[in-house]
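Remarks on the overall topology
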Amino acid sequence: MSLDVSTIFAQQVTLNSLVQNILYASGIVGAILVVVGLLLIDAGTARRRNLFNSTIEKTLGFFLGFATYYIIGFGLWAGQYYIMEGATMMDSINDWWLGGAMTNAMAHHTDPGTFPGLNTFQIFIFFLAVFAGIINILLHFAVSERMKAPAYFITCIVATVVSSALSWATWGSVGPLTNAGFHDFFGVGFVYLFPAGMALVFTPKLGARPGMMAPHPRISAYLAPSIGLCAPGLLLIFAGLPMVILSCLFFFDPEALAVSVTMADTSVGIAINNYAMVWAGGAITGLLIAYSTGKYAYTLLGPLAGYVAGASGFDVYLPWQAFIVGLAAPFVAYAVYEFTLKRGIDEHKLFPLFLGAGVFGMVMLGIFKAGTPRGGYFGIEEGAYAFQHGEISLVMQLAGTAACIGTGVVTALILSFILERTVGLRVHEDDQIEGLDGKIWDLEPDVLTHADSAQNA
């Protein structure tokens, strides 16, 4: 059937709406740059004999989460706005699952009285689906080279569903915890703290990789193939995230009034500069720690720690406050990193960055910005969802943090119980030593490292 222009809903396809569509699409590009950056960091740090397998598992885990989010995840997150309007979570799922009416509707054929700004909401599925995949990549950093592939892939699907439900409660403006005062601008809770909670369970169950924490009879040391790849990966993440920040804002009349996803008062310039300051602060402190200790890891952990600590408050901090948070965060990451090293815990990314800097950032936000109004929805003047009726509080920051980590712990406990009795959880130590590239894919590294030569001595 040909398009009859006279019958379309022109309000859905205005130039103003196109600008917003492009803005949120740029957030997708930024999120994908983050994915590439994470894969580069993995390529620089995974053992040479596991390099392909580690990278491809992360990639496939990403797409499992991505697809699962399209099937069910977005309907869970969007349910908070349906409930606000007096509908139900099931109404949201019916509209926004992969075969749902809103997922498959064309905006110019959809009455704005039924759903205004449909194009933007549809683009947001893609945006959040990328982060569903990123959660799985982050989790893989904690289980890489020692969790069986079937167990990891099953975990990816389950983690996507659970994290989507968690995002309904903790990220947005009218979810139950957010509306009650928990503040998380950038999704630190469901993107970072949730997989870190899962790692609290999986890490001790999987144990340390041979040669990682101490010399092994067959592997004298755990040697990364190219630490130099990590710096470009770090900068790709830095380059991509400003576009993601823009996608965590809502824009209302007049023209482009920016309000954060939590409905806090903010502006584009302030949010972007807060982002810049936490990276700069973290990089400076990381530099000082790295050169004073002689440990290269802190050159990478420093800026990332600053970012993770500040991310929950990019919308409400002032730049000088963000800089202080960024300067302080690497010290927390350093304390957690050294704690895990001394106890032989083989997890060097999620624990210092998320359980360390991430939790620190949640607490500092509750202290620095207590009483800041947010929550509800723009234009609602009274009732449970009145615009900015809630305030940031330290108590709610602690409650929300505990909920996010606890959800990860419980999810992993249930999964590990099932996986250990079905497909199995841990790669056998002999296979870890020989390398999964050869075991699964019949690939051999192009060079034999000094550590690996101990096998043939």
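In this report, we go over the structure that sits alongside the text. (Residues numbered from 1 in each chain as written. Predicted model: local features only at pLDDT ≥ 70, side-chain atom pairs only at ≥ 80, totals over all residues. Heavy atoms only, no water.)

Each helix and strand in the chain was counted, giving 15 helices and four strands. For a compact globule of 457 residues, the expected C-alpha radius of gyration is about 23 Å, and the chain comes in at 23 Å, within 12% of that figure. Here the C-alpha coordinates of the chain stretch approximately 80 × 55 × 35 Å along the principal axes. Accessible area of the chain: about 18,000 Å², with a carbon and sulfur share of 69%. Each charge class in the chain was averaged separately, 18 positive and 29 negative side chains, and the resulting centres sit 17 Å apart. (Helix = DSSP H or I, 4+ residues; strand = E, 2+ residues; numbered from the N terminus. Rg over C-alpha atoms; globule rule 2.2 N^0.38 Å. Areas by Shrake-Rupley, 256 points an atom, 1.4 Å probe, with all protein chains shown as cover. Lys, Arg positive; Asp, Glu negative; His and termini not counted. Charge placed at Lys NZ, Arg CZ, Asp CG, Glu CD.)

Turning to a nonpolar patch on the surface, a few remarks are in order. Judged by side-chain polarity, Leu318, Trp320, Ile324, Ile367, Phe368, Leu394 and Leu398 come together as a nonpolar surface patch covering roughly 630 Å² of accessible area. Counting through the fold element by element, Leu398 comes out in helix α13 (residues 394-420). (Patch = residues over 30% accessible without salt bridge, like charges linked within 9 Å, V, L, I, M, F, W, Y side chains within 5 Å. Salt bridge = Lys/Arg side-chain N within 4 Å of Asp/Glu carboxyl O.)

The next point concerns the packing of aromatic side chains. Tallied over the full model, the rule gives 45 aromatic pairs. Ring centres 4.5 Å apart and planes at 15 degrees place the aromatic pair Phe252 and Phe378 in the stacked group. Of the two residues, Phe252 sits in strand β1 (residues 249-252) while Phe378 sits in the loop between β3 (373-374) and β4 (390-391), which places them 126 residues apart along the sequence. Residue placement shows Lys58 over the ring face of Phe141; its charged tip is 4.5 Å from the ring centre. Between the NZ or CZ atom of Arg421 and the centre of the ring of Phe417, over which it lies, the distance is 3.8 Å. (Phe/Tyr/Trp six-rings, centres within 6.5 Å; stacked < 30°, edge-to-face > 60°. Lys NZ or Arg CZ within 6 Å of the ring centre and 35° of its normal.)

The next thing to look at is the pattern of salt bridges. This model, assessed by the stated rule, comprises 11 salt bridges. Each of the salt bridges in this network shares a partner with another, and the network as a whole consists of Glu145, Arg146, Arg209 and Asp346.

Once that is clear, we can look at helix α7 (residues 188-206). The end-to-end C-alpha distance of α7 is 25 Å, a good match for the 27 Å that 19 residues give at a rise of 1.5 Å each. At Leu200, α7 is deflected by roughly 30 degrees, the largest bend along its length, and proline Pro204 occurs up to four residues later in sequence. Burial within α7 is extensive, with 16 of its 19 residues counted as buried. Immediately downstream of α7, the backbone of Gly207 shows phi near 75 degrees, a positive value. (Expected span 1.5 Å × (residues − 1). Bend = angle between axes of the 7 residues up to and from the residue. Buried < 20%, exposed > 50% of the residue type's maximum accessible area, 1.4 Å probe, protein only.)

Of the residues examined, Phe378 reaches a relative accessible area of 29% and is grouped as partly exposed. Aside from chain neighbours lying at most four places away, what touches Phe378 is Phe252, Asp253, Leu257, Val259, Met263 and Phe387. (Contact = heavy atoms within 4.5 Å.)

Bringing the nonpolar core into the picture now. Grouped together as the largest cluster of nonpolar side chains are 121 residues, with contacts concentrated most on Phe74, Trp77, Trp96, Phe186, Phe202 and Tyr307. Among the elements that take part in this core, helix α4 (residues 118-143) stands out by supplying 18 residues, more than any other. Dropping the residues within four chain positions of it, Trp77 is found in contact with Tyr69, Phe121, Phe124, Leu128, Ser164, Ser167, Trp168 and Trp171. (Core = buried A, V, L, I, M, F, W, Y, C linked by side-chain atoms within 4.5 Å.)

What you see with β1 is no split at all: Leu249 and Phe251 on one side and Phe250 and Phe252 on the other are buried throughout. Connecting the antiparallel pair β1 and strand β2 (residues 257-260) is a turn made up of four residues, with Glu255 showing a positive phi of about 60 degrees. (Pairing = 2+ DSSP bridges.)

All right, on to unusual backbone geometry then. A positive phi angle is found at Glu145, which is not glycine, with a value near 75 degrees. Assignment of secondary structure puts Glu145 in the loop between α4 and α5 (149-170). Note on Glu145: relative accessible area 5%, which makes it buried. Despite not being glycine, Gln388 has its phi angle at roughly 55 degrees, a positive value.

Turning to helix α10 (residues 297-311), a few remarks are in order. Compared with the 21 Å implied by 1.5 Å per residue over 15 residues, the 21 Å span of α10 between its first and last C-alpha is a close match. Counting buried positions along α10 gives 14 out of 15 residues, so the element sits mostly inside the fold.

Considering the arrangement of structural elements, one finds His428 in the loop between α13 and α14 (429-434). Overall, the relative accessible area of 49% leaves His428 in the partly exposed class. Between the C-alpha atoms of His428 and Met147, which are 281 residues apart in sequence, the distance is 9.2 Å. Polar side-chain contacts of His428 include one of 3.0 Å to the backbone nitrogen of Asp430. (Polar contact = N/O pair within 3.5 Å; in protein donor to acceptor, adjacent residues only side chain to side chain.)

One can find Gln80 in helix α2 (residues 51-84). Polar side-chain contacts of Gln80 include one of 3.1 Å to the backbone oxygen of Trp171. Ignoring sequence-local partners within four residues, the contact set of Gln80 consists of Ser167, Trp168, Trp171, Gly172, Ser173, Val174 and Gly175.

This next bit is on the packing of α4 against α5. Contact geometry of α4 with α5 gives a least axis separation of 10 Å together with a crossing angle of 130 degrees. Accordingly, the angle class assigned to the pair α4 and α5 is oblique. For the element pair α4 and α5, the recorded crossing hand is right-handed. Two secondary-structure elements touch here, α4 through Ala132, Ile135, Asn136, Ile137, Leu139, His140 and Val143 and α5 through Tyr152, Thr155, Cys156, Ala159, Thr160 and Ser163. Within the contact of α4 with α5, the residues separate by chemical class into eight nonpolar, five polar and no charged. (Axes fitted to C-alpha atoms, helices over the stretch in contact; angles between N-to-C directions. Parallel < 35°, antiparallel > 145°, perpendicular 65-115°, else oblique. Left-handed = near helix turned anticlockwise from the far one by under 90°. Nonpolar A, V, L, I, M, F, W, Y, C, P; charged D, E, K, R; others polar.)

With that out of the way, let us pick up the state of the cysteines. Using the criterion set out here, one finds zero disulfides in the structure. Here Cys404 is not cross-linked by a disulfide; its sulfur's nearest cysteine counterpart is in Cys248, at 15 Å. (Disulfide = S-S within 2.5 Å.)

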